[in-house]
Amino acid sequence: AQSYASMLTEHGVVGGQIVALDTTDTIVSVSSILATSLLGIVLVPYHPALFHEESFVISNVLRSAERPRDASQEELVIDSSWSPRNRDFSPIDPLRSDSFSGTDLAWVMPSSGTTGTPKYVGLSSNLVVSRVNAVLEDFESSHQRCLILFAAATRPFIIRAMAVLL
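In this text the structure is predicted, and so the values were computed from the model without any measurement.

Considering the nonpolar core
Counting residues in hydrophobic clusters, the biggest one holds 23 residues, and the most contacted among them are L8, L62, I78, W82 and W107. Elements with a contribution of two residues or more to this core: α1 (2-10), β1 (18-22), α2 (26-39), β4 (75-78) and β5 (105-110). The greatest single-element share of this core, amounting to 5 residues, is contributed by α2. Residues within four places of L8 in sequence aside, it is in contact with V13, A35, T36, L39, I41, L62, L76 and W82. By size, the runner-up hydrophobic cluster in this structure holds 10 residues, among which are V44, F56, I58 and V61.

Regarding α2
For α2, spanning 14 residues, the distance from its first C-alpha to its last is 20 Å, which sits close to the expected 20 Å at 1.5 Å a residue. Among the 14 residues in α2, 10 count as buried, and that is most of the element. Those residues of α2 not exposed but buried are V28, S29, V30, S31, S32, I33, A35, T36, L38 and L39. The opening residue of α2 is D25, an N-cap whose side-chain oxygen sits 2.8 Å from the backbone nitrogen of I27. Just downstream of α2, G40 is the residue with a positive phi angle, here 75°.

Cut-offs applied
- The residue numbers shown here count from 1 along each chain, following its written sequence.
- Given that this is a predicted model, residues contribute local features only at a pLDDT of at least 70 and side-chain atom pairs are listed and counted only at 80 or more, while totals for whole chains, interfaces and linings are drawn from all residues.
- In computing side-chain values, all of the structure's heavy atoms are included and hydrogens and water are not.
- Take the buried Ala, Val, Leu, Ile, Met, Phe, Trp, Tyr and Cys residues and link them wherever side-chain atoms come within 4.5 Å; each set so joined is a nonpolar core.
- A simple rule labels every residue: compare its accessible area, found with a 1.4 Å probe on the protein chains alone, to the largest value its type can have, and call it buried under 20%, exposed over 50%, or partly exposed in between.
- The helix and strand labels rest on DSSP assignments: H or I over at least four residues marks a helix, E over at least two residues marks a strand, and numbering proceeds from the N terminus.
- Only heavy atoms enter the contact rule, under which two residues are in contact if any of them lie within 4.5 Å.
- Here, expected helix span is obtained from the residue count minus one, scaled by 1.5 Å.
- Think of a polar contact as two N or O atoms within 3.5 Å of one another; within protein, one of them needs to be a possible hydrogen donor and the other a possible acceptor, and neighboring residues in sequence only count if both atoms come from side chains.

Have a look at this one:
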């Protein structure tokens, strides 16, 4: 996550901006979630319909190497150069609690795609923490297990990934 945060900073992505994540890679998803959280960047799963929304502006698309490119959008391709094994970087200091409010937007998640058009819900930092705490019991520290039942950009996956990491 620190390496990803460093790369985002080097590319001029700053706190308060909104980035869309396009990946099927679990490691890229978790690293991106943590990196954007460290920097105060709002994360939203990628969908082409996002670029027609007037309510918020996507500054960049973070796209993992296995995903098809779209030349019409500003994008950063997450490849092996983002790995901490392949680069030197200085650790990023996480946001201090006095630099943001618990009501600040943290993630924008799709709610239901049953109509064919995604709808989005803004999640505050407080709400994300509450949801993570709600699933913490699923991950007892005395047991080691790994089970992924959700796609890497879905709300259930992201909440459980954060719970495991905490």
